[in-house]
Amino acid sequence: MKYTHILTGAWILCAASAVYAAGNIPSSPTGFDSSFIQTRTLPGFSVPLVSRGTLHIDNTHGFRWEITSPYHYVFEMDGKNAQERLPDGTIRHLNPEQTPWLATVEHILISALAGDRTDLQRYFVVNVTQLPMGQRILLTPKPGPMANAINNILVTETAPGHPQRLVIKDNSGGSMDIRFGPESHTASGS
Amino acid sequence: MHLPAAARWTIWLASLGVLCGFAWTRLDVQHPINTDILSLLPGERESPVIAAATERSRDAFARQLLVLVSGKDTPQTRSAASAAQGALLAAGLQMDDSGRELGRLLNTYQTHHFALLNAAQTARLDKGGVNAFATDVAASMASPAAMVNVFESDPGGYLSRFISELPRPYPDFLPDGPYLTAVRDHQRYYLVNMELRGSAFAEQGATLAAHAVHDAQAAAHKVCAGCKFQATGASLFTNAARDDAQHEIQWLTIVSTLLIMTLIAFVFRSLAPHVLAALQLVASILAASAAVIAWFGSIQILTLVFGTTLLGIAIDYAFLYFAEYWFGDSAPQSVMRVVRPGLFMGLLTGVVAFAFLSLAGFPALNQIAVFSVAGLLEAGLVVVLIFPVTLTRPPHVAVHPAAVWPQRFIKLACRPHRWRYLLPALALLLAIPGWLRLHTSDDVRDLQHFPQQLIQNDHQIHDTLGQIPPPGYFLIEASDLEQALGREETLFARLRQTLPDATLLGLSRFLPPVRQQRASLSAWKRIFASPLALNRAFAHLGLPVELAMRIESDWRAAAHQPLTAQSLFDAASDLNTFVIPAGSNETLLASVYSRADINPAALRQAAAAVSGVSFVAPLTRITDTFHRIRVRASWLVVIGYLLISALLVWRYGRREALRMLYPPLLALGVTLGALGWLNVPVNIFVLVALILILGLGRDYTVFLREGGAHLQSSALAVTLSALTTLCSFGLLALSQIPALHAFGLATLVGILASYLSAPLSLPTTHGGLA
């Protein structure tokens, strides 16, 4: 039926889903711990929204994203279940099947953190610049659904698997800049 | 009847012409042949809603062509999918213009996003006010899932969630350009979803689809030789079934025609029987079709198939005449007088038997009754009017020894020998275990034959896609759209409890009820009632106050109206598929998809629990229709046979009539036993074969009885009838198509049994018959 295509199209707008569609989660670090500073720039606003938090990934507990300032917010996901703790303490459960981009985000981050270029190359033009300490990786989405929403993703590493900064620029003019703290720790694994 | 030849031809042609002319004035030119099997069900005609919904559901399913290209290397597989898609487009298939419709649809949702809060979100904002809203905005900003700001004016993420909750076509497949894609068992799959322009069941559409798939496969393999290519769709099944049927019918027709022509030529050594038999056949089919059209306006495809088959009985009348003319003792002018009793009695019993089918109350059986009665009468008319004026000179054909074999067989069988009683008893004894093993089937799927590869592909594709076609659909009826949407939501809520993994498809998934939309708008109205409070709530969480001001400005600029069905359909006309036009009432079509087969009972139960909702399973309805036709027709045949028995008692007396009724019933018993032994189910095709067997068996006994002193010609007529029936219908037992195979097998066994048992209708003689 034609309406199925409409629905398909609707999902194209969930741009990052194409990455999720890559299917296999890349070889992931066994663990990653870091504090971060997130700077969100919204189109039409001169002052960015700055927040602070921590990111924790491990094979047992999955993915935990916690904002500690200016308010408290937690996002947890273990592949099958996902939930949010809102600033007012409300717990909101999310259905990963209904929200594939959640897994997409996890996928991008894990790919980036694990330095899995092969997987990312399926969907991005990967441009690597060597730095005195580490590398700068520019991911430009290949033509397709991702390119409709994301302009580029820049990952700066101090060493393979040790990201220092992740910047996502979207096509609306907004951007998300995440700087990981110096105490970040990555343990490699399968 | 001493009419001159010209008068006879004139009467015959004029009667046929008047009938055809009248039929022409009654013909439904748009649909001369009705192929809708569901219209065979009497209730179906009273429910245009079900007919419209079924047609809509069937069209959507039937036009779809799914192609799955898979391989280990993603770029190569994607290129192969792209090449396949190019070939499919070049062959004339189409892809949807979903891009533009999607843009319009999302713009529409964007325009009305303040009306699209769900009940839980509305309750949260109602309860928590500006603080709850500010919290949602903060969460949306903080969430890693909101890193990509797709909807600029959706800071709370409400519209994103609304979009994300729309039903997804294939749960595990996600978009990649124009395709859907997923990974399964280390293989990358690309789905190319195409649509046929025309009907999948028409020859043109099915052939086009098959050629397009062939081209697409070649194109895909050219790009990626190692990629796997699979395709499925109703059109491919239609094409395969048609190819199979055509191939089989072609060779069976050629073989049977050659056999029959050889037989007639061998016996009569003349062209005349060929010409006259063909004339009788064409005239009877023409008259039968005209009578049906004159009565009903159009003709059912099943009537044509079954009716034409049943008209095979009519050839008996021709053989009766030919046998007496060529090999009887009568002069050409006396042939009609000699065969008339047998001919009229055969005709009378045949007409009575078929007329009884019209009492079934089913359109299909009514049509078959009219078709058969008209066809038999026309066949008789041709014999009575035309044969005597075309076969006027004494034939100069030497009697071949084979022509007297039937008479010898009859005489042999009429000797008062113990085998005359033992053999039938033995046959019946052997048949009894078969009767106990006999079973019925009215499932249309059991009547068809498709290539194994096609079936395998279909299963694999649907397994991979995680979407098994549902067994039916829901109809939600209400006095207005709002009530219908509410009922659909109630139904879906029930289904979510019983089938948590299923995908529910219906208009309410795209268009919230107006009451919910009004509640959503009211919640927002309260949020923006105090801009200062909103600003404070944003500031309290460290969110930019400018953001609150911009959202409030968006609210002021927005039309505070619910999204209407019309606006939705203007944006995405295909969503109108869910609405079935049904007079003053509103009727919605809804469905449910799952990764595994869904038990229709669960769906029926869910529908029964909600007022105005019904579950319709088209396949089950067809099966039920066939079942009811089969059962009712069986009873009518029994009643018709009893009536014929009364006629025979009236004509021949009780003792002789009982003897004449015994062979056809014996043949019927043996046939059913054989079907049981061979594990062939009794279906509607077998029933038609049984009616044919009873009709021919009855003709054999009547012809032999009426033959009397002219045993040689009547025995020859019966033998020729049996042999030609075996050559034409019996050969169908070799068919791979289950429906034809069952019909052919029943006919083969039944006609053999009818012929071999026909002499039992005659009394025993010590020295043989005269």
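Residues numbered from 1 in each chain as written. Chains lettered and ligands numbered in written order. Predicted model: local features only at pLDDT ≥ 70, side-chain atom pairs only at ≥ 80, totals over all residues. Heavy atoms only, no water.

Draft legend 1. View of the overall build of chain A. Across its full length, chain A carries 5 helices and 12 strands. Counting across all 190 residues of chain A, residues that qualify as buried make up 54%. Surface accessibility of chain A: about 8,000 Å² in total, with carbon and sulfur atoms responsible for 52%. (Helix = DSSP H or I, 4+ residues; strand = E, 2+ residues; numbered from the N terminus. Buried < 20%, exposed > 50% of the residue type's maximum accessible area, 1.4 Å probe, protein only. Areas by Shrake-Rupley, 256 points an atom, 1.4 Å probe, with all protein chains shown as cover.)

Draft legend 2. Representation of the overall build of chain B within the structure. Of regular secondary structure, chain B possesses 29 helices and 12 strands. Across the 770 residues of chain B, 57% fall into the buried class. Taking the contacts inside chain B whose residues are at least 6 apart along the sequence as the reference set, 80% of them involve residues at least 24 apart. As displayed, chain B has an accessible area near 32,400 Å², and 61% of this comes from carbon and sulfur atoms. (Contact = heavy atoms within 4.5 Å.)

Draft legend 3. The packing of helix 27 (residues 684–707) of chain B against helix 29 (residues 738–757) of chain B, seen in detail. All names here are of chain B. Remark: helix 27 packs on helix 29, axes separated minimally by 9 Å, with the N-to-C direction vectors making an angle of 20°. Taken as axis vectors, helix 27 and helix 29 run roughly parallel relative to one another. The interaxial crossing formed by helix 27 with helix 29 has right-handed handedness. Contacts between helix 27 and helix 29 involve F685, V686, V688, A689, L692, I693, L696, G697 and Y700 from the first element and A739, A742, F743, A746, T747, G750, I751, S754 and Y755 from the second. (Axes fitted to C-alpha atoms, helices over the stretch in contact; angles between N-to-C directions. Parallel < 35°, antiparallel > 145°, perpendicular 65-115°, else oblique. Left-handed = near helix turned anticlockwise from the far one by under 90°.)

Draft legend 4. Here's a closer look at the side chain of A:R92. Mapped onto the secondary structure, A:R92 falls in strand 6 (residues 91–94). For A:R92, a relative accessible area of 17% translates into the label buried.

Draft legend 5. Region of interest: the pairing of strand 5 (residues 187–195) of chain B. All names here are of chain B. With 8 of its 9 residues buried, strand 5 lies for the most part within the structure. Relative to strand 5, strand 2 (residues 64–71) runs antiparallel, the two being bridged by 8 bridges. For L65, the partnering residue across the bridge sits in strand 5 and is M194. Direction of pairing for strand 4 (residues 179–184) relative to strand 5: antiparallel, over a ladder of 5 bridges. Counted as the bridge partner of V183 is R188 from strand 5. Between the antiparallel neighbours strand 4 and strand 5 lie 2 residues, among them D185 with a positive phi of about 50°. (Pairing = 2+ DSSP bridges.)

Draft legend 6. Molecular detail of the nonpolar core. Counting residues in hydrophobic clusters, the biggest one holds 131 residues, and the most contacted among them are B:F268, B:Y317, B:Y321, B:F322 and B:L648. No other element matches helix 27 of chain B, which puts 16 residues into this core. Per-domain counts for this core show at least three residues from each of domain 1 (1–30 + 269–398) and domain 3 (404–459 + 618–770) of chain B. Look past the residues within four positions of B:L648 in its chain and what remains in contact with it is B:M345, B:G653, B:A657, B:M660, B:L661 and B:V702. The next biggest cluster of nonpolar side chains, apart from the first, holds 60 residues, and it includes A:L139, A:I153, A:L166 and B:A523. (Core = buried A, V, L, I, M, F, W, Y, C linked by side-chain atoms within 4.5 Å. Domains from an automatic or database assignment.)

Draft legend 7. The arrangement of the confidence of the model for chain A in detail. Of the residues in chain A, 60% reach a pLDDT of 70 or more, and the chain-wide mean stands at 70. Throughout residues 1–29 of chain A the model reports pLDDT below 50, and contacts reaching past four residues in sequence, or to other chains, amount to 112 contacts. (pLDDT = per-residue confidence, 0-100.)

Draft legend 8. Molecular detail of unusual backbone geometry. Here the amide bond leading from A:S69 into A:P70 is cis, since omega sits at 10°, within 30 degrees of zero. One can find A:P70 in the loop between strand 3 (62–69) and strand 4 (73–77). In this structure, B:N679 takes a positive phi of about 60° despite not being glycine. Among the structural elements, B:N679 can be located in the loop between helix 26 (654–677) and helix 27.

Draft legend 9. Quick look at a nonpolar patch on the surface. Where nonpolar side chains cluster on the molecular surface, the patch consists of B:W419, B:L422, B:L423, B:L426, B:L429, B:L430, B:I432, B:W435 and B:L436 and spans about 940 Å² of accessible area. Relative to the assigned elements, B:L422 resides in helix 17 (residues 419–437). (Patch = residues over 30% accessible without salt bridge, like charges linked within 9 Å, V, L, I, M, F, W, Y side chains within 5 Å. Salt bridge = Lys/Arg side-chain N within 4 Å of Asp/Glu carboxyl O.)

Draft legend 10. Seen up close, the pattern of salt bridges. All told, the structure shown has 14 salt bridges over all chains when counted by the stated rule. Salt-bridge contacts for B:D136 lead to A:R92; the nearest nitrogen and oxygen are separated by 3.6 Å. With one member in each of two chains, B:D136 in helix 6 (residues 119–142) and A:R92 in strand 6 form a pair that bridges those chains. For the pair B:D136 and A:R92, a shared accessibility class is recorded, and that class is buried. Taken together, the shared-partner salt bridges connect A:E84, A:D88, A:R92, B:R124 and B:D136 into one network.

Draft legend 11. Expanded view of helix 9 (residues 234–268) of chain B. Between its first and last C-alpha, helix 9 of chain B extends 49 Å over 35 residues, near the 51 Å set by a 1.5 Å rise per residue. Directly after helix 9 of chain B, the chain includes B:R269, whose backbone phi takes a positive value near 50°. (Expected span 1.5 Å × (residues − 1).)

Draft legend 12. Region of the structure containing the packing of aromatic side chains. Scanning all chains against the criterion turns up 27 aromatic pairs over all chains. Relative to A:F75, the ring of A:F63 lies with its centre 6.1 Å away and its plane at 80°, an arrangement referred to as edge-to-face. With A:F63 in strand 3 and A:F75 in strand 4, this residue pair connects regions lying 12 residues apart in the sequence. Exposure remark for A:F63: the relative accessible area of 2% places this residue in the buried category. Residue A:F75 is classed as buried on the basis of its relative accessible area of 1%. Taking 5.8 Å as the distance between ring centres and 50° as the angle between the ring planes, the aromatic pair formed by B:F133 and B:F538 counts as tilted. Linking B:F133 in helix 6 with B:F538 in helix 21 (residues 531–540), this pair joins segments that are 405 residues apart in sequence. Taken together, B:F268, B:F319, B:Y321, B:F322, B:Y325, B:W326, B:F327 and B:F387 form an aromatic cluster joined through their ring pairs. Taking NZ or CZ as reference, B:R269 lies 5.6 Å from the ring centre of B:F266, over its face. (Phe/Tyr/Trp six-rings, centres within 6.5 Å; stacked < 30°, edge-to-face > 60°. Lys NZ or Arg CZ within 6 Å of the ring centre and 35° of its normal.)

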